[in-house]
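Each chain, written out:
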Amino acid sequence: MALLLHIPTQIRTILIAVITVVTLLGIMFRPWKTNEAQIALLGAAALLLLGLITPQQAFVTLISDWNTFFFFLGMMSISALAEVAGLFDWLAFQAARYSGHSARRLFFNTFLLGTVISMFLSNDATALILTPIVYTLVTRLRLPILPFLFACTFIADTASFLLPVSNPINIIVTSRFPLDLWTFLRLLFIPSLLVIGINIGIFFLLYRKQLNGQFDLKRLPSSEESIRHKAYFRYVCGALIIISIAYIIAAATQFPLSLVALGGAIILLIGALTWKQITLPDLNKQLSWSIFGFIAGMFIVVQALESTGLTTQFGGLLLHLSGNTPFGAVMVGTFGSALGTNLINNVPMAVVLTSSLQSIQHSPLAVQHGFIAATIFGCDLGPNLTTVGSLATVLWLLILRQRNLDVSGWDYFKIGIITTPIMLIVGALAIWLLL
């Protein structure tokens, strides 16, 4: 039951703003090692208990964002079920096989593999699945570990705006500001290819001395050993091709991508259960359920903030700073969102921005598209600057710590500050030229 029922508007606005700021700071610093989901849910609970948002409003907010929740559920399930089939181990072996015993070529193939996984299964899948596989691969081949592991986390975000399904952030933004597939690709596909090329080029320069060696492929188990059940493996490969085609058709027709993801997950699950490759309890353990609490809490907090009119004012400020021009929209949107993601993580930043940008709906179409594309671009790529910017990087760090590898925030920042600003500038200019 709410503690405060009748609160003057000014005090209500101040209370909501304070709770929002405290929640965002909590996500940034994570006191007492509290995870992001707990902090976001505590912020939402405080708003509900104080009567600053009603249970009905919170319920409507969560229901209206069903597309985001179902997309996360579908994509995590697809990734987990494909991993059960041994698909990613098999792909890693193929990457090594076609490297001609060259460490440099394997490094390039790691980027290509990460690009493909991010493109169709999202950046979180790349961090969660590719990282441990590449770690095992390079340790068996006795190659330097860190260059390959940095390639995994950077390409996860760098390739995460090739398609609408490549990053959950894209779904959060396009759920509020629908973009047809052609417009999405026209504005973001070429910039994505450019920044992927820059990422690879800079990494080759940074690690050129460590990548001079050769490796012996005999140190790896055969590709057949990675396939745990041949019939299920073939079933997964065929199903993923169908799902990928369905994604493209759904994006082109603006059909909810979450339903495609859920449908694909169900198809894979039927196969896994039929061939007894997984049980429902085992699948449940492989899904990161806390992400749903994190997103739900942030949606409620931002909905309360939106009701105060502060996000509208923030959107007006962004519009003013942009000069209501396409160039200004792209630059303000890109660097504003990139900065925000490194302060409070890209999920809450995307939620705040999509709420704030409601005020751009009366601007010229080029300005609207500039802000939307720049928000996606900045929230997807910006997190490559620090370790706190995206969920994919957080997952990557956890996987490394489980293997007694500790990459500090400073070590990550030293790579990010060399790579990310260049990619942001080139990508933003490309988006502006394509408007």
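Scroll up for the structure.
Because the structure is predicted, anything quoted here is derived from the model rather than measured. Numbering of residues starts from 1 in every chain and runs along the sequence as written. Local features are withheld for residues below a pLDDT of 70 in this predicted model, meaning they are given only at 70 or higher, and side-chain atom pairs are given and counted only at 80 or more; totals for whole chains, interfaces and linings count all residues. Think of the side-chain values as coming from all heavy atoms in the structure, minus any hydrogens and water.

(A) Region of interest: the overall build of the protein chain. Under the DSSP-based scheme used, a helix requires at least four consecutive residues in state H or I and a strand at least two consecutive residues in state E, with every element numbered from the N terminus. Helix and strand content of the protein chain: 21 helices and 0 strands. Along the three orthogonal principal directions, the C-alpha set of the protein chain runs to about 75 × 45 × 45 Å. Per-residue burial for the protein chain yields a buried fraction of 55% across its 435 residues. Working note: accessible area of the protein chain is about 18500 Å², and carbon and sulfur atoms make up 68% of it. Considering the protein chain, the positive charge centre built from 22 side chains and the negative charge centre built from 15 side chains are found 8 Å apart. Burial classification: accessible surface area is computed with a 1.4 Å probe over protein chains only, and a residue below 20% of its type maximum counts as buried, one above 50% as exposed, and the rest as partly exposed. Only the protein chains shown count as cover for residues, and all accessible areas are computed by the Shrake-Rupley method using a 1.4 Å probe. When charges are counted, Lys and Arg contribute as positive and Asp and Glu as negative, whereas His and the chain ends are disregarded. By convention, the point assigned to a charge is CZ for Arg, NZ for Lys, CD for Glu and CG for Asp.

(B) Spatial organisation of the pattern of salt bridges. Salt-bridge detection follows one rule: a side-chain nitrogen of Lys or Arg within 4 Å of a carboxyl oxygen of Asp or Glu. Inspection of every chain in the model, using the stated rule, returns 3 salt bridges. Glu 306 serves as the salt-bridge partner of Arg 176, at 3.9 Å between the closest nitrogen and oxygen. Here the residue Arg 176 occupies a position in helix H9 (residues 168-176), and Glu 306 occupies one in helix H15 (residues 290-307), the gap between them amounting to 130 residues. Owing to a relative accessible area of 31%, Arg 176 belongs among the partly exposed residues under this scheme. Classification of Glu 306 as partly exposed rests on a relative accessible area of 25%. In this structure, the salt-bridge partner of Asp 411 is Lys 414, at a minimum N-O distance of 3.7 Å.

(C) Broad picture of helix H7 (residues 123-140). Helix span is expected to be 1.5 Å times the residue number reduced by one. Taking 1.5 Å per residue as the helical rise, H7 with its 18 residues ought to reach 26 Å, and the 25 Å between its terminal C-alpha atoms agrees with that figure. The angle separating two fitted axes, one through the seven residues that finish at a residue and one through the seven that start at it, defines the bend at that residue. At Leu 130, H7 is deflected by roughly 35 degrees, the largest bend along its length, and proline Pro 132 occurs up to four residues later in sequence. Most of H7 is tucked away, with 14 of its 18 residues classed as buried. Arg 142, located one to two residues past H7, shows a positive phi value of around 60 degrees.

(D) Molecular detail of a nonpolar patch on the surface. A surface patch of nonpolar side chains, about 610 Å² in accessible area, is lined by Phe 327, Phe 335, Ile 425, Leu 429, Trp 432, Leu 433 and Leu 435. Broken down by secondary-structure element, the contributors of at least two residues to the nonpolar patch are helix H17 (326-344) and helix H21 (409-434). Along the chain, Trp 432 falls in helix H21. Patches here: salt-bridge-free residues with over 30% relative accessible area, like charges joined within 9 Å, nonpolar side chains (Val, Leu, Ile, Met, Phe, Trp, Tyr) joined within 5 Å.

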